[in-house]
Amino acid sequence: MGSDVKQGARFKPLTAAPWAGGVLSLLTSTQALAQSADPHRWQLNMGRGVTTSAQHAYDAHMLALWICVAIGAVVFGAMAVAMFRFRKSRGVTPAQFSHNTTAEIVWTVVPIVILVLMAVPATRKLIALYDTREAAMTVKVTGVQWMWKYEYMGEDVTLTSRLDRESDRLRQSRGTTRAELDAHGHYLLDVDTPLVLPTDTKIRFVVTADDVIHSWWVPAFGWKQDAIPGLINEAWTEILEPGVYRGQCAELCGKDHAFMPIVVRAVPPAEFDAWLAEQKARDVPAIPVPGDPGPADAPPTPGDADTTTQAPSAPAAPAAG
Ligand SMILES: [Cu+2]
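What you are looking at is a predicted structure, and each value in this text was computed from that prediction instead of being measured.

*Asks:* I keep staring at the overall build of the protein and nothing clicks. Help me out?
*Replies:* Looking only at helices and strands, one finds six helices and 10 strands in the protein. Taking all 321 residues of the protein together, 21% fall into the buried category. In the protein, once contacts between residues fewer than 6 apart in sequence are set aside, the share between residues at least 24 apart is 67%.

Take a look at the structure:
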């Protein structure tokens, strides 16, 4: 981990005028800028994200932002004109009317129209965010105190992802220096085994927990989903850009809540297929040699008389999930 990290490369903060980077990203927001989970110094606007959902959220946010900017300009502009052009020192006498039906209709109807204009696309995006149908693959995410388990449904591949050893060592060592933390690069944001996902693929997530409530959150994906014991929550994502995206558990889940980060490595579909095949090959037991009794934890054959002599607590195959 670490060598293939590419995020942040396009968002180098400007050293001369740090705020200019944020202003620049705000002004150039219509460009196809993708942004990772990592915030950067003096960031002003929200990140654009790397998934369809995240970019929907970003678009809804930018629409609302520019409408607010326009309303602000009109309202404060009208106030400025009223205060300077119609001021008392210029001999202006105030009008004395107290009601104006036309004005009241206008200032009721115009906001309604603006709200509907914002609500229609926002609702469409919200419906799309929860539509997990027609996914190409499903990943089961299980929150455990304090790590994440990932299961590629139907593929027989399961990963356990926990805080990387170096972060764990640094956090527990009394002599850790600032220089050591800086040298790590992703202190407390790195794991031993990242979740690998294909880009340009609709991936459905089923999210649950083993013990207490956790929450799976990768900011660049644009959503977070609670992981609740006994409940299956759904979500989906379609990652548009290869890269490494980081997140954290977003639900206070016990003493090591801060130490169960999430790392997703998004790779092109062909590379993902190769990776998955490699994982499957690794997990498949070796071909049994004739005459070999086989692995000790093999399930007993039905009707095998020897099974009666086995202890009832004979090791079973590890349970899924
Ligand atoms: Cu947690």
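*Asks:* Would you take a moment to explain the sheet that holds strand β2 (residues 147-152) for this structure?
*Replies:* Reading across from one edge, β3-β2-β1-β5-β8 is the order of the five strands in this open sheet, with mixed pairing throughout. Edge positions in the sheet fall to β3 (157-161) and β8 (233-237), since each of these pairs with one other strand and no more. Strand-to-strand, the axes of this sheet are offset by a mean angle of 25 degrees, without reference to chain direction.

*Asks:* How should I be thinking about the nonpolar core in this particular structure?
*Replies:* Grouped burial of nonpolar side chains is what soluble globular proteins tend to show. By size, the foremost hydrophobic cluster in this structure holds 36 residues, and its most contacted members are Val 141, Leu 197, Phe 205, Tyr 245 and Val 264. Here this core gathers at least three residues from each of two domains, domain 1 (9-88 + 101-129) and domain 2 (137-282). Those residues in contact with Leu 197, other than ones at most four positions away along the chain, are Ile 203, Ile 239, Val 264, Ala 266 and Phe 272.

*Asks:* I'm lost on helix α2 (residues 52-85) in this one. Help?
*Replies:* Given 3.6 residues to a turn, an α-helix orients residues that are three or four positions apart in the same direction. With 34 residues, α2 should cover 50 Å at 1.5 Å per step; its first-to-last C-alpha distance of 49 Å lies within 8% of that length. Across the 34 residues of α2, three count as buried, placing the element largely on the outside. Burial in α2 covers these residues: Ser 53, Ala 54 and Ala 57. Looking at the buried side of α2, the elements it contacts are α3 (101-129), β7 (223-227) and β8.

*Asks:* Got a minute to help me understand the environment of Arg 282 in this structure?
*Replies:* Relative to the helices and strands, Arg 282 resides in helix α6 (residues 269-283). Distance in space between the C-alpha atoms of Arg 282 and Val 157 is 9.5 Å, their sequence separation being 125 residues.

*Asks:* What should I look at first to understand the pairing of strand β5 (residues 203-209) in this one?
*Replies:* For a regular strand, the rule is simple: side chains alternate between the two faces of the sheet. Taking burial as the measure, the seven residues of β5 include five buried ones, the bulk of the element. As paired elements, strand β1 (residues 137-144) and β5 share seven bridges and run parallel to each other. Within β5, the residue paired with Gly 143 across the bridge is Ala 209. Bridge count for β5 against β8 is five bridges, and the pairing is antiparallel. Following the sheet pairing, Val 207 is matched in β8 by Asn 233.

*Asks:* Before we go on, may I ask you to explain the sheet that holds strand β9 (residues 243-249) in this structure?
*Replies:* Strand order in this open sheet of five strands is β4-β10-β9-β6-β7, and the pairing throughout is mixed. Strands at the two margins of the open sheet, each flanked by one partner only, are β4 (195-198) and β7. Strand-to-strand, the axes of this sheet are offset by a mean angle of 25 degrees, without reference to chain direction. Here four bridges tie β4 to strand β10 (residues 262-267), and the two strands are oriented parallel to one another. In the sheet register, Val 196 faces β10, and the bridge partner there is Arg 265.

*Asks:* Mind showing me how you'd approach α3 here?
*Replies:* The end-to-end C-alpha distance of α3, which contains 29 residues, comes to 42 Å, matching closely the 42 Å that a straight helix rising 1.5 Å per residue would cover. α3 sits mainly on the outside: zero of its 29 residues count as buried.

*Asks:* So what exactly am I meant to see when it comes to unusual backbone geometry here?
*Replies:* Working note: non-glycine residues mostly have negative phi, and peptide bonds are mostly trans. The linkage connecting Gln 145 with the following residue, Trp 146, adopts the cis geometry, with an omega of 0 degrees. With respect to the element layout, Trp 146 can be found in the loop between β1 and β2. One non-glycine residue, Glu 134, lies in positive phi territory at about 55 degrees. Checked against the element boundaries, Glu 134 lands in the loop between α3 and β1. In this structure, Asp 200 takes a positive phi of about 55 degrees despite not being glycine.

*Asks:* Explain the packing of α2 against α3 to me, please; I cannot follow it from the model alone.
*Replies:* Relative orientation and spacing of two packed helices are given, respectively, by the angle between their axes and the distance between those axes. Interaxial distance between α2 and α3 falls to 10 Å at its minimum, and their mutual angle equals 170 degrees. Between α2 and α3, the interaxial angle falls into the category roughly antiparallel. Contacts from Ser 53, His 56, Ala 60, Leu 63, Ala 64 and Ile 67 of α2 reach α3 at Ile 114, Met 118, Pro 121, Ala 122, Lys 125, Ala 128 and Leu 129. Looking at side-chain class alone, the contact of α2 with α3 contains 10 nonpolar, two polar and one charged residues.

*Asks:* Please clarify how the environment of Thr 132 should be interpreted in this entry.
*Replies:* Position of Thr 132 among the secondary structure elements: in the loop between α3 and β1. Judged by local crowding, Thr 132 falls into the partly exposed class, with 16 C-beta atoms found within 10 Å. Taking C-alpha positions, Thr 132 is 8.7 Å from Thr 237, a pair spaced 105 residues apart along the chain. For Thr 132, the residues in contact, after removing those within four places along its chain, are Arg 204, Glu 234 and Trp 236.

Cut-offs used in this document
- Residues numbered from 1 in each chain as written.
- Predicted model: local features only at pLDDT ≥ 70, side-chain atom pairs only at ≥ 80, totals over all residues.
- Helix = DSSP H or I, 4+ residues; strand = E, 2+ residues; numbered from the N terminus.
- Buried ≥ 20, exposed ≤ 12 C-beta atoms within 10 Å, placed from the backbone.
- Contact = placed C-beta atoms within 7 Å.
- Pairing = 2+ DSSP bridges.
- Axes fitted to C-alpha atoms, helices over the stretch in contact; angles between N-to-C directions.
- Core = buried A, V, L, I, M, F, W, Y, C linked by C-beta atoms within 7 Å.
- Domains from an automatic or database assignment.
- Expected span 1.5 Å × (residues − 1).
- Parallel < 35°, antiparallel > 145°, perpendicular 65-115°, else oblique.
- Nonpolar A, V, L, I, M, F, W, Y, C, P; charged D, E, K, R; others polar.

Honestly, that's just the spatial picture; any functional story needs more than this.
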